[in-house]
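Reading the structure
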Amino acid sequence: DQFRYDYAVSREQKNAAGQKMYIQTKMAEFAEDLWELMQSPKTHIYMCGLKGMESGMEECFAPLAEKNGMVWKEFAKSMKKEKRYHVEVY
């Protein structure tokens with residue numbers, strides 16, 4: 001209950017539409033739950049992979065942030081400052 005790990009492997013998995021599974025697709029499946037978790041100071045986000053993955057995070061969470069009166073880029077920046085948003089992209 002206190003730890004969740006998930007992943008997307010585009011070469012091996014398919015989404016509900018039969019397309020390649022990307023991390024933004026996987027996150028979209030659980031977007032509301034993930035957004036709720038991100039509000040807790042105990043939640044950390046770890047992301048590694050291609051640089052384009054960051055835009056997938058924004059694509060997924062910007063609408064939820066806006067719905068809650070926030071701007072995703074500012075929220076992500078605050079999480080980074082709090083050392084809760086860890087990104088390793090290349």
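Basis of the calculations
Residues numbered from 1 in each chain as written. Predicted model: local features only at pLDDT ≥ 70, side-chain atom pairs only at ≥ 80, totals over all residues. Heavy atoms only, no water. Phe/Tyr/Trp six-rings, centres within 6.5 Å; stacked < 30°, edge-to-face > 60°. Helix = DSSP H or I, 4+ residues; strand = E, 2+ residues; numbered from the N terminus. Buried < 20%, exposed > 50% of the residue type's maximum accessible area, 1.4 Å probe, protein only. Core = buried A, V, L, I, M, F, W, Y, C linked by side-chain atoms within 4.5 Å. Contact = heavy atoms within 4.5 Å.

Let us look at the packing of aromatic side chains. Evaluated as defined, the whole model comprises five aromatic pairs. Judged by centre distance (4.9 Å) and plane angle (45 degrees), the ring pair of Trp-35 and Phe-75 falls under tilted. Placement of the pair is Trp-35 in helix α2 (residues 31-38) and Phe-75 in helix α4 (residues 72-81), with a sequence separation of 40 residues. Residue Trp-35 shares its accessibility class with Phe-75, and that shared class is buried. Ring centres 5.9 Å apart and planes at 45 degrees place the aromatic pair Trp-72 and Phe-75 in the tilted group. Placement of both Trp-72 and Phe-75 in helix α4 is noted, with a separation of three residues, approximately one turn of the helix. For Phe-75, a relative accessible area of 11% translates into the label buried. Three or more aromatic residues joined by ring pairs make a cluster, and in this case those are Trp-35, Phe-61, Trp-72, Phe-75 and Tyr-85.

All right, on to the environment of Ala-16 then. Along the polypeptide, Ala-16 turns up in the segment before α1 (23-29). Separated by 13 residues in sequence, Ala-16 and Glu-29 have C-alpha atoms that sit 9.9 Å apart.

This paragraph deals with the nonpolar core. By size, the foremost hydrophobic cluster in this structure holds 17 residues, and its most contacted members are Trp-35, Met-38, Met-57, Phe-61, Trp-72 and Tyr-85. Among the secondary structure elements, those contributing two or more residues to this core are α2, β1 (45-49), α3 (53-67) and α4. Broken down by element, the residue count for this core peaks at six residues, all from α3. Residue contacts for Trp-35: discarding those within four places in its chain leaves Phe-61, Leu-64, Ala-65, Asn-68, Met-70, Trp-72 and Phe-75.

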